[in-house]
Structure formats: structure tokens, C-alpha cells
Amino acid sequence: MTEGTAPLPPMPAPRKRWLMRLLKGLLAALLAAVILVVGGLSIVLLTFDPNQYKAMLIQVVKEREHRTLTLPGTIALELFPPLTLRTGPFTLSERDSSAVFARADDLRLHLDLFALLRRKLVVDRVVMIKPQVHVARNAQGQFNFADLLPDSKPDAAQARSPLGLSVHRLQVEQGVITFDDDKAQFHGEFAGLDLELAGLDGGSAGSLHLGTTARFVQPMLATRIDLRGKLQSDPAQHSLALSDLALSVQGDALGLKTMQTQVNVARLGLSTRPALTLGAQQGSLKTTARTADGEALTAQASLPTFNLQGDALQLGALRACLLYTSDAADERSSVD
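Reading the values: the criteria
Residues numbered from 1 in each chain as written. Predicted model: local features only at pLDDT ≥ 70, side-chain atom pairs only at ≥ 80, totals over all residues. Heavy atoms only, no water. Patch = residues over 30% accessible without salt bridge, like charges linked within 9 Å, V, L, I, M, F, W, Y side chains within 5 Å. Areas by Shrake-Rupley, 256 points an atom, 1.4 Å probe, with all protein chains shown as cover. Salt bridge = Lys/Arg side-chain N within 4 Å of Asp/Glu carboxyl O. Helix = DSSP H or I, 4+ residues; strand = E, 2+ residues; numbered from the N terminus. Buried < 20%, exposed > 50% of the residue type's maximum accessible area, 1.4 Å probe, protein only. pLDDT = per-residue confidence, 0-100. Contact = heavy atoms within 4.5 Å. Phe/Tyr/Trp six-rings, centres within 6.5 Å; stacked < 30°, edge-to-face > 60°. Lys NZ or Arg CZ within 6 Å of the ring centre and 35° of its normal.

K.L.:
Can you walk me through a nonpolar patch on the surface in this structure?
P.N.:
Taken together, the side chains of Leu308, Leu313 and Leu315 define a hydrophobic patch exposed on the protein surface, amounting to about 280 Å² of accessible area. As for its placement among the helices and strands, Leu315 is situated in strand β18 (residues 312-315). In this structure Leu315 comes out as exposed when scored by relative accessible area, which is 59%.

Next up, the structure:
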């Protein structure tokens, strides 16, 4: 009679093997969820037709602004990256007129995806490609854009607007602003205008950068302008403030040649309610140039504080120093 050996019980699977299976299962479930969500979002976006809002937008502009908006192209929604609504070329007329106030090759709205899925239009960035705007002021001092300012509309009318936008950033590429001021007798244009504004929604501090070439026939002016600074806006109060402004101007202006000017302003405030108000504090100016007679000129000034409200202007004290040199007599003079 032989003795048998009892069979050994099965060995349990190692703990690590179970952990790997659990991890693989979780990853597979997560991947399936991502595919489902992305697929669902794609279906929603692909079936979203922005052109259905074109007629409504044109009608709102006509009824509220008394201006004619034309959108001859097809409004396109580009999914990635980022989610962008493109209007194509457009024109906007003067108020109660067929004359063109503004036009552009393209207007791009970079949208918040999740807000759009909730049927809300939240714009992170507005990009205007080659806009052309005609700014005019008549002899009575009325600007052709005055009706577009927020203070020209009652709050009730604004509340009824179906197109309330929240815009954080504005970008302009290669713009042209034609300026005709019959009251001040300024006529010319700002060409090749590039602009970047951030912080327009008032949520956080932003920045400003503007570069353009000014060409005026009255007064004679041909200069390159560069402006930088910090921006803080308050849409609820219809105001914005610019700080640490640095303005650089190079070119010919006001009868001076090869002018190099640097202007710094600690703070510049603008408000449109209850009336158009503009104020500046702690400014300085330094410029070098040559006169038409070849005299070298250097000027420095501590700019006065000022406050402009409507047609009323308040100015503080001005301190300036002027130094010029005559090439013919080699004379130097100083004015303080």
C-alpha cells in the first residue's frame, strides 16, 4: 500500500496582478468616457450653424443703432485651436446713412467652448483683420460714433439686447483710421495700426500696446507712434484707466524735422458716464528735433495735470525747459 501526497491548494494570484487589471480597467473606462464626451461635443458643434444668427444680428444693429451691417460671406465656426467664429468681410454704415463708417477683411471671435454649449456667447479675444474706420467730427463738435458710446443708450435698452458680450482681449492687425475733424481742422490718417488690449472685461489688470504711422495734411505730420501701458477697466462704471504709459513719437511734426519724443504719464483715466471725461496725472515730456532753419532743439517738460469734461478743461501748472542751438551763429538759449 503506497502512501499518496495530498494535492496542494491553488496559489492565490499575486496582488500586483490584480492591481494592474484594476488599473487597466479604469484607464479603459476613462478612455471610453473621453471618446464619448469628445464625440458628443463634436456632434453638437458640427450641427451648430452660426449663420442662423446673421439675420438677427443685422436686424438688431439696424433697430438699435440705425446703421446697416452687411455680412456678404459665410460665417464659419472653426473647431480647433482655439474655437473661433469668423465673420469674413463686413461693413458698417454711418447712422441713418449708406456711407461706410467701418469695414474689415475679417472679424474673428475666439469663443469659450463650454459657454457656447450653454448657448452663451463669451469671447476671450476679438481679432480684426485690416479694419478701416472713418472718424469724423462736424463743426458743431459732434463725432460720428457718439451714438455708439454706452452713455448714449438707456440701461433698459441695453438689458434687452440679446447679444450682450463679455470680451477680455482685443487685437487689431494692419488697421487704418481716417480722421476728419472740421472743428479742430485736423485731417489725416493713422495707417498700419496694430493694437493689443487685454483686460477689457474688468476681471483683471490688462495691458495696452499700440503702434501706427500718422500721416496728416492738416497739420503737416508724418510720424511713427508707439504706445505701451497697463489697463484697468470697469465696464459697470463705463470707465477705464491707463497707467505707466510710455509714448514714443518719431518723425516730422509741427514744422520740426527728425523729431524724437518720449512722453510718460503715470495715470490716464477715461469715463463715458455721466459725461465724457478724460484726466491725466504726473506726466513728463522730452523731445529733440531740428527746426526748418536747421536749429537743434531740445525740450523737457513736466506735464500739467488736466481734466477734460465735455467742453470744460482744467489745467495744472506747466514747467518746461527749452534749449536750441543755431548752426549759423552757434548760439544757445534756454527758456524756463
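K.L.:
Please clarify how the confidence of the model for the protein chain should be interpreted in this entry.
P.N.:
For any part of a model where pLDDT is low, the fine detail of the predicted coordinates should not be relied upon. Averaged over all residues, the pLDDT of the protein chain equals 79, while 75% of them reach at least 70. This stretch, residues 32-46, has a pLDDT under 50; its non-local contacts, to residues over four places away or in other chains, come to eight contacts. The low-confidence segment residues 155-164 (pLDDT under 50) makes 12 contacts with residues lying over four places distant or belonging to another chain.

K.L.:
Explain the environment of Lys130 to me, please; I cannot follow it from the model alone.
P.N.:
With respect to the element layout, Lys130 can be found in the loop between β7 (122-129) and β8 (132-137). For the pair Lys130 and Leu107, spaced 23 residues apart in sequence, the C-alpha separation works out to 9.3 Å. Aside from chain neighbours lying at most four places away, what touches Lys130 is Arg103, Ala104, Asp105, Glu173 and Gln174.

K.L.:
I would appreciate a short explanation of the packing of aromatic side chains in the present structure.
P.N.:
Any two aromatic rings considered together are summarised by their centre-to-centre distance and by the angle between their planes. Summed over the entire model, instances satisfying the criterion amount to three aromatic pairs. Between Phe179 and Phe216, the aromatic rings sit 6.4 Å apart at their centres with planes inclined by 45°, giving tilted as the arrangement. Here Phe179, found in strand β9 (residues 166-181), pairs with Phe216, found in strand β11 (residues 206-218); they are 37 residues apart in sequence, far enough to count as distant. The pair Phe179 / Phe216 is uniform in exposure class, with both members buried. Linked through ring pairs, Phe179, Phe190 and Phe216 together constitute an aromatic cluster. Geometry around Phe101 places Arg67 over its ring, the cationic atom sitting 4.9 Å from the centre.

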